[in-house]
Amino acid sequence: MTRLTGSALRLTVFVGENDTWHHKPLYSEIVHRAHAAGLAGASVFRGIEGFGASSLIHTSRLLSLSEDLPVAIVVVDTEDRVRAFLPQLDELVGEGMVTLDECEVIRYAGRRPGPGEAGTQGEGPS
């Protein structure tokens, strides 16, 4: 497990839930690439309403015509590791927004694996 406390960088990628990369959800591709890059963790959050550069409002309201809801993928790790990951996002994100924020990690701990479990479950922010 990655040890992470103190100063860190939060990467947030805003895309639509219907955005894809090679026929799979873009948010899933970003999470899997972050994992493969050894980043501390990633979480995906589905929005209930929003708009972006296209100025189209996407909402989850029952009678709405739009179902392409906003999705935010959040990754927190050291500045060097997050910045090293940015070129992959240049390749993946055609429409959307990518932001970076300085943050401070107070606690970063996964659950301890039980008997017979691998040590990767439950690690990372969720």
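Whatever comes next refers back to the structure up there.
To keep things clear, this report deals only with the structure shown in the data block. Residue indices begin from 1 for each chain and proceed along its sequence in written order. Where local features are concerned, this predicted model is filtered to residues with pLDDT of at least 70; where side-chain atom pairs are given and counted, the filter is 80 or more; whole-chain, interface and lining totals use all residues. Hydrogens are left out, water is left out, and the side-chain values use all remaining heavy atoms of the structure.

Our next topic: the pattern of salt bridges. Salt-bridge detection follows one rule: a side-chain nitrogen of Lys or Arg within 4 Å of a carboxyl oxygen of Asp or Glu. Using the criterion set out here, one finds 7 salt bridges in the structure. With its nearest N and O atoms 2.8 Å apart, the salt bridge here joins Arg-83 to Glu-79. Of this pair, Arg-83 and Glu-79 both sit in helix α2 (residues 79-92), 4 residues apart, which is roughly one turn of the helix. When accessible area is computed with a 1.4 Å probe and restricted to protein chains, residues below 20% of their type maximum are described as buried, those above 50% as exposed, and intermediate ones as partly exposed. By relative accessible area, Arg-83 is classed as partly exposed at 41%. One network of salt bridges, with partners in common, ties together Lys-24, Glu-29, Arg-33 and Glu-91. Helix numbers and strand numbers start at the N terminus; a helix is a DSSP run of H or I with at least 4 residues, a strand a run of E with at least 2.

Okay, helix α1 (residues 26-36) next. Considered for burial, the residues of α1 that qualify are Leu-26, Ser-28, Glu-29, Ile-30, Arg-33 and Ala-34. For α1, the elements touching its buried residues are β1 (6-16), β2 (20-21), β3 (24-25), β4 (42-46), β7 (70-77) and α2. Immediately downstream of α1, the backbone of Gly-38 shows phi near 80 degrees, a positive value. Whether two residues are in contact is decided by their heavy atoms, any of which lying within 4.5 Å being enough.

Definition used in this section: a nonpolar core is a set of buried Ala, Val, Leu, Ile, Met, Phe, Trp, Tyr and Cys residues joined via side-chain atoms within 4.5 Å. In this structure, Leu-11, Val-13, Val-15, Ile-30, Leu-89 and Val-93 are the most contacted members of the largest nonpolar core, which totals 17 residues. Mapped by element, the contributors of at least two residues to this core are β1, α1, β7 and α2. Beyond its immediate stretch of four places on either side in the chain, Val-15 contacts Leu-26, Leu-69, Pro-70, Val-71, Ile-73, Val-93 and Glu-95. Counting residues in hydrophobic clusters, the runner-up holds 7 residues, among them Ala-8, Ala-40, Val-74 and Val-105.

This brings us to α2. Expected helix span is taken as 1.5 Å per residue step, with the number of steps being one fewer than the number of residues. Helix length check: α2, at 14 residues, gives a terminal C-alpha distance of 20 Å against a target of 20 Å (1.5 Å per residue), a fit within 8%. Take the seven residues that end at a residue and the seven that start at it, fit an axis to each, and the angle between those axes is the bend at that residue. By the largest-angle criterion, Leu-86 marks the main kink of α2, which is about 30 degrees, and a proline, Pro-87, follows within four residues. When α2 is considered as a whole, its buried residues turn out to be Val-82, Phe-85, Leu-89 and Leu-92. Where α2 is buried, its residues contact β1, β2, α1, β7 and β8 (97-105).

This next bit is on the packing of α1 against α2. Between N-to-C directions, angles cover 0 to 180 degrees, with each direction set by a line fitted to C-alpha atoms, over the stretch in contact for helices. Look at α1 against α2: their axes get within 11 Å of each other, and the N-to-C directions meet at 160 degrees. Judged on the interaxial angle alone, α2 and α1 are roughly antiparallel. Two packed elements cross with a definite hand, and for α1 against α2 that hand is right-handed. Across the interface between the two elements, Leu-26, Glu-29, Ile-30, Arg-33 and Ala-34 from α1 touch Phe-85, Gln-88, Leu-89, Glu-91 and Leu-92 from α2. For this classification, the nonpolar set comprises Ala, Val, Leu, Ile, Met, Phe, Trp, Tyr, Cys and Pro, the charged set comprises Asp, Glu, Lys and Arg, and every other residue, Gly included, is treated as polar. When grouped by side-chain class, the residues that make up the contact of α1 with α2 number 6 nonpolar, 1 polar and 3 charged. Geometric relationships in this document are graded by angle, where less than 35 degrees denotes roughly parallel, more than 145 denotes roughly antiparallel, 65 to 115 denotes roughly perpendicular, and other angles denote oblique. In a left-handed crossing the near helix is turned counterclockwise from the far helix by less than a right angle, and in a right-handed crossing that turn is clockwise.

The next subject is unusual backbone geometry. Even without glycine at this site, His-22 takes up a positive phi of about 50 degrees. Checked against the element boundaries, His-22 lands in the loop between β2 and β3.

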